[in-house]
Each structure stands twice: as C-alpha cells, then as structure tokens.
Amino acid sequence: MKTSCGSVSASSVIASVFVISIVLILIVSRKSSSLIECFGINRFDNSKFRVPIVELRTKVNVSRAVLLSDLSSSATTTASSSLKRRSKNLNAIREEYRGQELGLARARASIRMAASSRNLSLDVHDGGILTGSIYRNPGAFYQSYMEMEKRFKVYVYEEGDPPIVHDGPCKDIYTSEGRFIHEMEQAAGRFRTRDAHRAHVYFMPFSVTLMVKYLYKPLSYDVRPLQQFVGDYVRVVSTKYPFWNRTHGADHFMLSCHDWGPHASRGHAQLYNTSIRVLCNANSSEGFNPQKDVTLPEIHLSSGDISPKLLSPLPRPAAPRPHLAFFAGGVHGPIRPALLRLWKDRGDTDMRVYEYLPKNLDYYTLMLESKFCLCPSGYEVASPRIVEAIYAECVPVILSENYVLPFSDVLRWEEFSVAVEVSDIGRLKEILMGVGEEKYLRLKEGLRAVRRHFVLNQPAERFDVFHMILHSVWLRRLNLRL
C-alpha cells in the first residue's frame, strides 16, 4: 500500500516537473527575439545579400472550432492507405500536435542559446569543419541543422501519377527540381514520414517543368493549363485531408526550377500567398517573399553529373589565373545586352566576354583560368553560372536586380562573391581590378568552404544542396506556430 502511494506521489512530482519544464520552454520560445538575431541578420539591413528570416512564432489565424472540426474529420474521413496504418482518436491527435509544437519550442530555445557563441569555426562530427566567415552565425546554423536532423518530418502526398507528379528532370538546366523530387520520393531517409499526423510540413511533388512538357501548347504563352493543374491538385489534397485547411497551406510546400514556377503557383491563391514556394526564379519584385519562400539554386548538369573538369580537388588557391573575368552566353533579358555591348570584342585579354564561344575554346577551361566569372541574369533572375562558378572556384560576380540569393538567411554571400550594380557594368574592369589580392584569396577560400552546400550527391550527404534546401524549409516551418 505504501509502495502504491509512494508511486503515485513520485508520479505526481514527475508530472509537476514536466509541466514546469514545458512552461519554461514556452516562455523562452515566446521572447521577442527571433532567428533574425540568431543568424546575425540586422532586421533593418536592406542589402540584397541580407534577406531577413521572419520572426519566430508567426501565428496562423485558425479558430479552435475549425481546428477541432478538422481533427474530428481526420478521424472519420476515409484516408489514403498510408493513413490507415493505425487508428487515432481525437485526443491522441491533439497530443501529437502539442508534442510537435513543444519539440519546435525546444528547438527554438536551443538555437537561441547556440547563437550566443561567436566561434568562427566549428568542428562537425563526420561532416568536416564549418568555416565561420561564410556563415552569418555558424553556431546558430549548426544547432539549427542538428535540430532539423533530430526532429524534422516531411509528408509527401501520394496523389497524382508520373510523369507530372512524383517525377522530374534530373539533367540539364532544371536538374535541381527533379533531383529534389526523386530524393524525397526514394531516399529521404530520416526526414520522410509515412504518417501524415507526424509531419511538420507537407510536400506536393508535382513538376512544373514536366507540366510545361506535357500540358503547355508550344508558342501559346498560355500558362492556364499549368495553373489549372496546380489548383486542382491543391483542391484534391485539401478536400481529402485536414492538413491544408488547418493552416491555409502555410505548412505545405512546392518546388520548381522552371521560370514559370511562380506563374503556376498562382493556380491557387493560398498556395501563392501562404504556402512555402521553393523557386529558382526568386524575384522579389514579382511576388517572391523571402520571409516564407525559399530560393532553389539553379544547377545545370548536362549529363546529370558535374563535369570532370570541375570535380574537386581543384588546383591550390594561389594557382595563377591569367584572365580577370569571363562570360559566354546568349543575348536575352535586360542585363546581358548591356554587358555584351560594353565588353564584347574589345580586344581586352583581361575581360573575356563572348556571346557565342569560339569552337576552339572550352567553357569550363576558361572558368578555371579566370579569377572572376560574370553571372548576369537572363530573362529571369537566376543563373546556373553562379553554381558553376562556385564549382570552378571562380569568384561569381552577381549582375542582377531583385534576385534573392540561395540560402542567404544562413550564408554571407559577400564572403565568396562580388555584387556589381547593373548601372556599373561599364566599370566592371575597374571594380574587379580594385579587389586586392588579400581579399581575392579570402573570397577563394570562401568558395572552397561553401562548395559543399551546392553539390548534388546521390545519395544525398550531410550539408549538401538537398539538405540545405530542406533546412531552408525547416526554418520557415520553425517560424510557424499552429
């Protein structure tokens, strides 16, 4: 009898301690500071390289009645085979949601604590070293990444059929779109969950590139078939499951590297305005919102693999590069005509600028022989030359307007690239000649450190581009409190 009473007493104490710990964590998570400060980003800094993360705990206005209705319907509505594995009553689902939010509160608290450390580099177990100069706050980034590995769960909707859904291009200029979809579908490992109730975010695995291939009428410039498909897909999953309606799609994401990705997302107003859109065409003047959207790096792999010429290790950082700058590309968009007009065929051996590369010259060889690689936008803001330049350790020169650079909530692009205003294209040589040797070598070291974050591996490896994309989505979800 005493043992029984003693057990009850001990349980009560444990329960009390648990409740107090929850309260303390929630209090910490509700402080007014945000990941803006954690990652070393000044919320009032409007530099194009400093895209602020939204403040933590962005609230979704969902009434308790709506939430309970959704939860109740989830227990009674016929679900897909993946949701039939076990039956959950209403209380169990509520507890699961509470547990998720508690876990995210703990993650926020640990990231804030790590942000107070100002170490310039961190030794990472089985992942090398995170060199601090390229990160806004290496401690905060590493802790956030570790929390993602520990907690983050993604549910991939099973609705739809290949080739438009569950498939994507794995070669050429849209490589990053298809490779991410395939990785999530086939090898996401610890991150993918088959239990939708355990998910933090929900992925809609359609390919806009393949919509263009199969639904678009050539030369019509009519994107309505794409928008109709996207709108229908959202209506299917929002009708069949309770998760979209719970947040109006704020914890759902799509991904597209096609230029028309933003246009396709207009097929559903909530997807466009509320959901996380992972896009190569990350133009802040055309509706891309870095507080909720994610920039997808544009990676051009003709054969599906990095050119052997760009595989590491490359020559030592101090290896001589005879050319100051290099560019070769067609005339399209508003920026390239000015670049070619001012620098093409000038007979300047320092500035190797071509519209069409002569057959006796090799594109990647010239990259490897140049100190700076010019990366002007074309019709849209993104350019695959940026990632190619990183591979070649040729300092990217960003010639763009309104482009939100990939992973700029974590990375300090000024540590491995140079930004030149479009109005200063005529002064390119002067500006690049003004980069001193010490700064140039520091930029080269930054390129070596950041390369791992832009490499597509099969299977994916820690800190590579797949995980950096996922981390960007994790940060947006971390900022959302249900």
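1. Some thoughts on the environment of Ala140
Along the polypeptide, Ala140 turns up in helix α5 (residues 138-151). Every residue in contact with Ala140, bar those within four places of it in the chain, is listed here: Cys38, Phe39, Ile111, Ala114 and Ala115.

2. Observations regarding the packing of helix α7 (residues 208-215) against helix α8 (residues 224-240)
The interhelical angle for the contact between α7 and α8, taken along N-to-C directions, is 125°, at an axis separation of 10 Å. The pairing of α7 with α8 is recorded here as oblique in orientation. For the pair α7 and α8, the sense of crossing is right-handed. Residue-level contacts link Val208, Met211, Val212 and Leu215 of α7 to Pro225, Leu226, Phe229 and Val230 of α8. Here the contact of α7 with α8 is built from residues that sort into eight nonpolar, no polar and no charged.

3. With respect to helix α14 (residues 385-392)
Most of α14 is tucked away: eight of the eight residues are buried. Looking at α14, one finds that the buried residues are Arg385, Ile386, Val387, Glu388, Ala389, Ile390, Tyr391 and Ala392. Next to the buried residues of α14 lie β9 (323-328), α12 (336-343), α13 (363-368), β11 (370-376), β12 (395-399) and α16 (437-450).

4. Details of unusual backbone geometry
The bulk of non-glycine residues show a negative phi, and the bulk of peptide bonds are trans. Residue Pro162 is joined to Pro163 through a cis peptide bond whose omega torsion reads 10°. Mapped onto the elements, Pro163 comes out in the loop between β4 (154-156) and α6 (175-186). Not every positive phi belongs to a glycine, and Glu393 is a case in point at roughly 55°. A positive phi angle, near 60°, is found at Phe407, a position not held by glycine. Mapped onto the secondary structure, Phe407 falls in the loop between β12 and β13 (418-419). Judged by its relative accessible area of 3%, Phe407 falls in the buried class.

5. Re the side chain of Glu183
Within the secondary structure, Glu183 sits in helix α6. In this structure, Glu183 is buried with no salt-bridge partner, the nearest side chain bearing the opposite charge being Arg179 at 6.4 Å. Residue contacts for Glu183: discarding those within four places in its chain leaves Ala188, Asn457, Ala460 and Phe466.

6. A word on the pairing of strand β10 (residues 351-354)
Both faces of β10 are covered, namely the face carrying Met351 and Val353 and the face carrying Arg352 and Tyr354. Sheet topology note: the β9/β10 ladder contains four bridges and is parallel. Across the sheet, residue Phe327 finds its bridge partner in β10, namely Val353. Note that the unit made of β9, α12 and β10 has a crossover that is right-handed.

7. A word on the packing of aromatic side chains
Overall, the coordinates contain 23 aromatic pairs when judged by the stated rule. Between Phe180 and Phe203, the aromatic rings sit 5.6 Å apart at their centres with planes inclined by 90°, giving edge-to-face as the arrangement. With Phe180 in helix α6 and Phe203 in strand β5 (residues 201-203), the pair connects residues that are 23 residues apart, well separated along the chain. Neither residue differs from the other here; Phe180 and Phe203 are each classed as buried. Linked through ring pairs, Tyr155, Tyr157, Tyr202, Tyr241 and Phe243 together constitute an aromatic cluster. Above the face of the Tyr272 ring, Arg277 is positioned so that its terminal group lies 4.6 Å from the ring centre.

8. Digging into the sheet that holds strand β8 (residues 294-295)
Read from one edge of the open sheet, five strands run β4-β5-β6-β7-β8, paired in parallel fashion. Two strands close off the open sheet at either side, each with one partner strand: β4 and β8. α6 rests against β4, β5 and β6 (252-256) of the sheet, and its axis sits at about 135° to β6. Running over the sheet, helix α17 (residues 465-478) touches β4, β5, β6, β7 (276-279) and β8 and is turned about 155° from β7.

Thresholds applied
Numbering of residues starts from 1 in each chain and follows the order in which that chain's sequence is written. Per-residue local features of the predicted model are confined to residues with pLDDT of at least 70, and side-chain atom pairs are confined, for both listing and counting, to 80 or more; whole-chain, interface and lining totals are unaffected and use all residues. Hydrogens and water molecules were not included; the side-chain quantities draw on all heavy atoms of the structure. In DSSP terms, a helix is any run of H or I states spanning at least four residues, a strand is any run of E spanning at least two, and both are numbered starting from the N terminus. Between two residues, a contact is recorded if the distance between any of their heavy atoms is within 4.5 Å. All axes are obtained by fitting lines to C-alpha atoms, using only the stretch in contact for helices, and the reported angles, taken between N-to-C directions, cover 0 to 180 degrees. Angle categories: roughly parallel below 35 degrees, roughly antiparallel above 145, roughly perpendicular from 65 to 115, and oblique for all the rest. Take the far helix as your reference; a near helix turned counterclockwise from it by less than a right angle gives a left-handed crossing, and one turned clockwise gives a right-handed crossing. Think of it as three bins: nonpolar holds Ala, Val, Leu, Ile, Met, Phe, Trp, Tyr, Cys and Pro, charged holds Asp, Glu, Lys and Arg, and polar takes everything else, Gly as well. Any residue under 20% of the maximum accessible area for its type is buried, any over 50% is exposed, and the rest in between are partly exposed; the area is computed with a 1.4 Å probe on protein chains only. Neither His nor the chain ends contribute to the count of charged residues, in which Lys and Arg are positive and Asp and Glu negative. Here a salt bridge means any side-chain nitrogen of Lys or Arg lying within 4 Å of a carboxyl oxygen belonging to Asp or Glu. Here, strands pair whenever DSSP counts at least two bridges between them. Crossovers are marked right-handed if the path from the first strand over the helix to the second runs clockwise, as seen with the strands pointing away from the viewer. Any Phe, Tyr or Trp ring, taking Trp's six-membered ring, that has another such ring centre within 6.5 Å forms a pair; planes under 30 degrees apart are called stacked, those over 60 apart edge-to-face, and the others tilted. Placement of a charge over a ring requires the Lys NZ or Arg CZ to be within 6 Å of the ring centre, with the centre-to-atom vector within 35 degrees of the ring normal.

So yeah, pure geometry; function would need other evidence.
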